[in-house]
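Single-letter residue listing:
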Amino acid sequence: MTSVRTRFAPSPTGPLHMGGVRTALYAYLFAKQHNGQFILRIEDTDQNRYVPGAEEYIIEALTWCGIIPDEGVGFGGPHMPYRQSERKEKGYYRQYADQLINAGHAYIAFDTPAELEAKRKEAEAAGNHTWQYDNHSRLSMTNSLTLSAEETAKRMANGDAYVIRLKVEPGTTVSFTDMVRGEVSFDSNLVDDKVMIKADGMPTYHLAHIVDDIMMEITHAIRGEEWLPSAPAHILIYQYLGLADKMPQYAHLPLLLKPEGNGKLSKRDGDRLGFPVFPLEWKDPASGEVSSGYREKGYYHDAFVNMLAFLGWNPGTEQEVFSMEELIKAFSFERVHKAGARFDPEKAKWFNEQYLRHQPEESLAAHFVDQLKEKLGANDARANMQFATAAVRLVKDRIHFEHEMIGMSTCLFESPTTYDEKVVAKRWNDKAKTFFAALPAQLNTVSDFTAENTKLAFEQLAAQQELKPGDVLQMFRVLVSGQGSGLDLFGMVALLGKEEVNKRIEAGRAALN
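Source: prediction; values computed, not measured.

> Talk me through the overall build of the chain; I want residue IDs and the actual numbers.
Each helix and strand in the chain was counted, giving 21 helices and 14 strands. What you see for the chain is a C-alpha radius of gyration of 33 Å, clearly larger than the 24 Å of a compact globule of 513 residues, by over 25%. In the chain, buried positions account for 50% of the 513 residues. Here the contacts in the chain between residues at least 6 apart in sequence split such that 72% fall between residues at least 24 apart. Working note: accessible area of the chain is about 23900 Å², and carbon and sulfur atoms make up 49% of it.

> An account of the side chain of Ser-137 is requested, with residue identities and associated values reported.
Mapped onto the fold, Ser-137 is located in the loop between helix 5 (113–125) and helix 6 (149–157). Owing to a relative accessible area of 6%, Ser-137 belongs among the buried residues under this scheme. Residues in contact with Ser-137, not counting those within four places in the same chain, are Trp-131 and Gln-132.

> Residues and numbers for the sheet that holds strand 8 (residues 195–197), please.
Here 3 strands make up an open sheet; going across it, the order is 4-5-8 and the pairing antiparallel. The sheet is open, and its two borders are formed by strand 4 (106–109) and strand 8, each paired with just one other strand. With direction set aside, neighbouring strand axes in the sheet form an average angle of 40°. Two elements, strand 5 (residues 163–166) and strand 8, share 2 bridges in a ladder whose sense is antiparallel. Paired with Ile-164 across the bridge in strand 8 is Ile-197.

> Help me get a handle on the packing of helix 19 (residues 469–481) against helix 21 (residues 498–512), residues and values and all.
A pair of packed helices can be characterised by two numbers: the angle between their axes and the separation between those axes. Between helix 19 and helix 21, the least distance of the axes is 8 Å, while the angle of their chain directions is 100°. Between helix 19 and helix 21, the angle is such that the two are roughly perpendicular. Seen from helix 19, the contacting residues are Met-475, Phe-476, Leu-479 and Val-480; seen from helix 21, they are Val-501, Arg-504, Ile-505, Gly-508, Arg-509 and Leu-512.

> Now, about the packing of aromatic side chains: what can you tell me, with residues and values included?
Across all of its chains, the model carries 28 aromatic pairs by this definition. Residues Tyr-57 and Trp-282 carry aromatic rings whose centres are separated by 5.4 Å and whose planes lie at 85° to one another, so their mutual orientation is edge-to-face. Linking Tyr-57 in helix 2 (residues 54–65) with Trp-282 in strand 12 (residues 282–283), this pair joins segments that are 225 residues apart in sequence. Relative to Phe-333, the ring of Phe-331 lies with its centre 5.0 Å away and its plane at 80°, an arrangement referred to as edge-to-face. On the basis of relative accessibility, which here comes to 2%, the residue Phe-331 falls in the buried class. Put simply, the rings of Tyr-26, Phe-30, Phe-310, Trp-313, Phe-322, Phe-331, Phe-333, Trp-350 and Phe-351 touch in pairs and so form one group of aromatic residues. Above the face of the Phe-110 ring, Arg-155 is positioned so that its terminal group lies 5.3 Å from the ring centre.

> Pulling in residues and values, what's your account of the packing of helix 4 (residues 92–102) against helix 7 (residues 205–215)?
Where helix 4 meets helix 7, the axes come as close as 10 Å, and the angle between the chain directions of the two elements is 105°. Here helix 4 lies roughly perpendicular to helix 7, going by the angle between them. Each of Tyr-92, Tyr-93, Tyr-96, Ala-97 and Leu-100 in helix 4 lies in contact with helix 7, whose residues at this interface are Leu-207, Ala-208, Val-211, Asp-212, Ile-214 and Met-215. Classifying every residue of the contact of helix 4 with helix 7 gives 10 nonpolar, no polar and 1 charged.

> Describe empty space enclosed by the protein, listing the residues and the values that go with them.
Summary: where empty space remains is shown by rolling a probe the size of a single water molecule over the atoms. With the rule as written, the count across this model stands at 1 cavity of 30 Å³ or more. As a volume, the largest cavity reaches approximately 30 Å³. Lining the largest cavity, in full, are Ser-11, Pro-12, Thr-13, Glu-43, Asp-44, Thr-45, Asp-46, Gln-47 and Tyr-50. Within the lining of the largest cavity, the residues separate by chemical class into 2 nonpolar, 4 polar and 3 charged.

> Which residues make up the nonpolar core, and what values do they have?
Counting residues in hydrophobic clusters, the biggest one holds 65 residues, and the most contacted among them are Met-18, Ile-67, Met-307 and Phe-333. In terms of residue count, the dominant contributor to this core is helix 1 (residues 18–33) (10 residues). Excluding residues that lie within four positions of it along the chain, Met-307 makes contacts with Met-18, Tyr-294, Phe-343, Ala-348 and Phe-351. Ranked by size, the runner-up nonpolar core spans 52 residues in total, among them Met-475, Val-478, Val-480 and Ile-505.

> Help me get a handle on the environment of Ala-286, residues and values and all.
Within the element layout of this structure, Ala-286 appears in the loop between strand 12 and strand 13 (290–291). Overall, Ala-286 belongs to the exposed group, its relative accessible area being 76%. Distance in space between the C-alpha atoms of Ala-286 and Pro-52 is 9.3 Å, their sequence separation being 234 residues.

> Can you explain the pairing of strand 4? Please cite residues and give values.
A two-sided burial pattern is seen for strand 4, the buried positions comprising Ala-106 and Ile-108 on one face and Tyr-107 and Ala-109 on the other. Pairing geometry for strand 4 and strand 5, over 4 bridges, is antiparallel. Bridging from a neighbouring strand, Ala-106 pairs with Leu-166 of strand 5.

> Could you give an account of the environment of Leu-255, naming the residues involved and the relevant values?
For Leu-255, the position within the fold is in the loop between strand 10 (249–253) and strand 11 (256–257). With 95 residues separating them in the primary sequence, Leu-255 and Trp-350 have C-alpha atoms 22 Å apart. When neighbours within four sequence positions are excluded, Leu-255 is seen to be in contact with Arg-22, Glu-225, Glu-226, Lys-264, Gly-340 and Ala-341.

> So what's going on with the pattern of salt bridges? Residues and values would help.
Summed over the entire model, instances satisfying the criterion amount to 32 salt bridges. For Arg-87, the salt bridge is made with Asp-212, and the minimal N-O distance between the two is 2.6 Å. Highlighted residues: Arg-87 in helix 3 (residues 84–89) and Asp-212 in helix 7, separated in sequence by 125 residues. Of the charged contacts in the structure, one is a salt bridge between Glu-151 and Arg-155, with a shortest N-O distance of 3.3 Å. One end of the pair, Glu-151, and the other, Arg-155, are both in helix 6, 4 residues apart, so they sit about a helical turn from each other.

> Lay out the pairing of strand 1 (residues 5–8) in plain terms, naming residues and giving numbers.
The side-chain alternation of strand 1 yields two buried faces, one formed by Arg-5 and Arg-7 and the other by Thr-6 and Phe-8. Between strand 1 and its parallel partner strand 2 (residues 37–40), the chain crosses via helix 1, and the hand of that crossover is right-handed.

> If you had to explain helix 20 (residues 489–496) to someone new, which residues and values would you point to?
Most of helix 20 sits out of view: 6 of its 8 residues are buried. For helix 20, the full list of buried residues reads Leu-489, Phe-490, Gly-491, Met-492, Val-493 and Leu-496. Looking at the buried side of helix 20, the elements it contacts are helix 14 (385–395), helix 18 (451–464), helix 19 and helix 21. Just downstream of helix 20 lies Gly-497, where phi reads positive at about 95°.

Rules and cut-offs
- Residues numbered from 1 in each chain as written.
- Predicted model: local features only at pLDDT ≥ 70, side-chain atom pairs only at ≥ 80, totals over all residues.
- Heavy atoms only, no water.
- Helix = DSSP H or I, 4+ residues; strand = E, 2+ residues; numbered from the N terminus.
- Rg over C-alpha atoms; globule rule 2.2 N^0.38 Å.
- Buried < 20%, exposed > 50% of the residue type's maximum accessible area, 1.4 Å probe, protein only.
- Contact = heavy atoms within 4.5 Å.
- Areas by Shrake-Rupley, 256 points an atom, 1.4 Å probe, with all protein chains shown as cover.
- Pairing = 2+ DSSP bridges.
- Axes fitted to C-alpha atoms, helices over the stretch in contact; angles between N-to-C directions.
- Parallel < 35°, antiparallel > 145°, perpendicular 65-115°, else oblique.
- Phe/Tyr/Trp six-rings, centres within 6.5 Å; stacked < 30°, edge-to-face > 60°.
- Lys NZ or Arg CZ within 6 Å of the ring centre and 35° of its normal.
- Nonpolar A, V, L, I, M, F, W, Y, C, P; charged D, E, K, R; others polar.
- 1 Å grid on protein atoms, 1.4 Å probe; cavity = no way out; pocket = protein on both sides within 12 Å on 5 of 7 lines; lining within 4 Å.
- Points joined across faces, edges and corners; volume = space filled by probe spheres on them.
- Core = buried A, V, L, I, M, F, W, Y, C linked by side-chain atoms within 4.5 Å.
- Salt bridge = Lys/Arg side-chain N within 4 Å of Asp/Glu carboxyl O.
- Right-handed = clockwise from strand over helix to strand, strands pointing away.

Read these as geometric descriptors, not functional statements.
Okay, structure coming up:
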């Protein structure tokens, strides 16, 4: 059996969208599941849209995600070069285009952009708003089918600009089995004569990806559903080349949809709703505009990958948190949805939260020490692993990202200067005043100042004063932290220590009385 070989072939026209990363991920998972190879190819045939730095960004993004190519640009391999502009210089694409011309399945077309636009407007004026260059219109155009061989050769010798178009034969049904959508069929009468070689000699995607897939022995081609309308032309090219047996199995993935409303997920949606659509931060080399990235927003790479995997696929079980190894075992195209996958930014945070909760405590504490040093100064006595570890235990179930640790734990190193007005209005009464006047002395009797012991002392004093703990519990939190809700109260009290807690109680009483 032929080894499975998949590829990801982005264009270096800007940052890699998260939808592109998902395509790469599915191709990678399928290849690895079958002990195959995953290839990175750069499709840079559109030189007008080339953006400096985009190729390096793509490689860095895939590497950060753990989607590591076995071959490709930046990784080497037996099918070099993997950059299409370099492959064009070797004549690969023209060789296949000439083969199609010689077999009568392609032709030279001299129509200028202006002439094509005029023809389009003429058709619109006649009520045809879907004019295309195809078997219905080709014989009214300027091409090697309407010109003599001599005239065609003369024009080419004179340097007239021309393109090479696919000649689609009418009256056939083009069918293939899609790994996501099952049997798909098209009427060739509706398929246009795609440009395969542009006037600048560069191949278009329609020819280039086929030539490269053949030469690189790609067995499965995974791409977005926006390419589904072009699929019949691609199938025909394989057939016209006599290489239908070399055609990979196609899988057309569902679109990523915006969180609300209709349409594809775009950078504009991210800007409007405050979430990234790119894996890494990107600075546009022309405008200097900076677009946020998941990495810089504090997402773990494996949480990002896990979230992406579920945008269009599910394992058929209740499990949602998957390591890369588990995804490789569980993934299948049979469970990829046909309908678009709606992106939920809150679910993305949820995935990161799950991964944060499973981070080693020592790792989180070490990162928190760095945050403490930056906040309090390197010489502050609390910027140590013991304090940080205890603080992490209090905050980690209440945050989505590591960078939120310092903000969530402010009350652990800053005494309150204001007190929750709603709680004070409701709870600061004569009974509370009497209770908190006596609480410092009660806490002083606690020799081992743990969360359990301080809670017990608190409850004993409440019982002595014929109060329910709930009558004074929230007010205790407000005196210690200034907030009506937050971290585990007695865990916080134990970490602050007896002296600091009593100091805060007295300061609060003075401020409120």
